[in-house]
Structures are given as C-alpha cells and as structure tokens.
Amino acid sequence: MFANVGWGEMLILVIAGLVILGPERLPGAIRWTAGALRQARDYLSGATKQLREDLGPEFEDLREPLSELNKLRGMTPRAALTKHLLDGDDSIFTGRFDTPSAQDPAPGTKPVSSPAPTPQTPPAQTPFDPDAT
C-alpha cells in the first residue's frame, strides 16, 4: 500500500503530525492509524481467502484477465499496437519490410548469376516544417 513512500516522506509526515497534533496525542494517533491499517489488511486478505475458497478453480480464471490488464498497463502505445494489431510485426515502424525484391528469383526457378551488388546511398531525409506541427 505504501510501497512508494520513502523515509523522507515518512519523516515529513511525523513532523507534520507532531506540529498538528502535538507530542501528547501523536503516539495515540500513530497507534490508531496502524491498527486501522492492520484491520483493513485483515479484512482484505479474509475476503480474498473466502473468494478463493468459494470459487475454487474459477478464481484463477478470474485473475487471468486482470493479469493481462496489468501487462497492458506497462506497455507503450507503440508496443501495444505492435502486439495486438500487427501481431508483433514492427516493420511498419522501422521501415524494414520483408518483401521480395525485383532481383530475387521467383519461387521454383533457378537463380541467375548477377553482377556484384553496388553500394546504396542512404535515403535523403524528409523535409521538416516546424510551422506545420
């Protein structure tokens, strides 16, 4: 629950509590807060345990879509598009298409010897207009 709260934040909370509540009431407030958190955690674990007992093997079927959602939450938009719409083929983003070139022989024919390949020049960059964006 408080996995992302560090020691610095805890120190600030204790100092704020000391200023707001005073030194007399601060230990009681800390005890009450700790007890309330412990009780809430016990209720949640009891509810999870009861669901697991009541549903049996269907409980794991219920958790599977939630784990898929957690996987999607960590994805970037590009990774999500690649995985779900393009079946993992990211050639549309990288510009590397696996299409046969004109020099490749047709399937079922013998390749004809060709001259040595010539070095290709890199493609020219597309012009960028900052006013258009």
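Residues numbered from 1 in each chain as written. Predicted model: local features only at pLDDT ≥ 70, side-chain atom pairs only at ≥ 80, totals over all residues. Heavy atoms only, no water.

> Please clarify how helix α2 (residues 26-55) should be interpreted in this entry.
Think of an α-helix as 3.6 residues a turn; residues three or four steps apart then line up on the same face. The end-to-end C-alpha distance of α2 is 43 Å, a good match for the 44 Å that 30 residues give at a rise of 1.5 Å each. Looking one or two residues beyond α2, the residue adopting positive phi is G56, at roughly 65°. (Helix = DSSP H or I, 4+ residues; strand = E, 2+ residues; numbered from the N terminus. Expected span 1.5 Å × (residues − 1).)

> Help me out: how do you make sense of a nonpolar patch on the surface in this one?
A cluster of nonpolar side chains, contributed by L11, I15, V19 and I20, occupies part of the molecular surface with about 440 Å² of accessible area. Tracing the sequence through the fold places I20 in helix α1 (residues 7-21). Among the residues examined, I20 registers a relative accessible area of 65% and is labelled exposed. (Patch = residues over 30% accessible without salt bridge, like charges linked within 9 Å, V, L, I, M, F, W, Y side chains within 5 Å. Areas by Shrake-Rupley, 256 points an atom, 1.4 Å probe, with all protein chains shown as cover. Salt bridge = Lys/Arg side-chain N within 4 Å of Asp/Glu carboxyl O. Buried < 20%, exposed > 50% of the residue type's maximum accessible area, 1.4 Å probe, protein only.)

> Is there a simple way to think about a negative patch on the surface in this case?
On the surface, a cluster of negative charge is made up of E58, E60, D61 and E64. Residue placement: D61 occurs in helix α3 (residues 58-73). (Lys, Arg positive; Asp, Glu negative; His and termini not counted. Charge placed at Lys NZ, Arg CZ, Asp CG, Glu CD.)

> Just to check I follow, could you spell out the packing of α2 against α3 for this structure?
At a minimum axis distance of 7 Å, the contact between α2 and α3 shows a crossing angle of 120°. In this view, α2 runs oblique relative to α3, as classed from their interaxial angle. Across the interface between the two elements, T48, L51, R52 and L55 of α2 pack against E58, F59, L62 and R63 of α3. Looking at the contact of α2 with α3 residue by residue, the classes come out as four nonpolar, one polar and three charged. (Axes fitted to C-alpha atoms, helices over the stretch in contact; angles between N-to-C directions. Parallel < 35°, antiparallel > 145°, perpendicular 65-115°, else oblique. Contact = heavy atoms within 4.5 Å. Nonpolar A, V, L, I, M, F, W, Y, C, P; charged D, E, K, R; others polar.)

> What exactly am I supposed to notice about the UniProt feature "transmembrane region" (unreviewed entry) in the protein here?
Under the UniProt annotation, "transmembrane region" (unreviewed entry) lies at residues 6-23. Taken as a whole, residues 6-23 contains 83% helix and 0% strand, while its terminal C-alpha atoms sit 23 Å from one another. (UniProt positions renumbered as here; feature names shortened; annotations may be inferred.)

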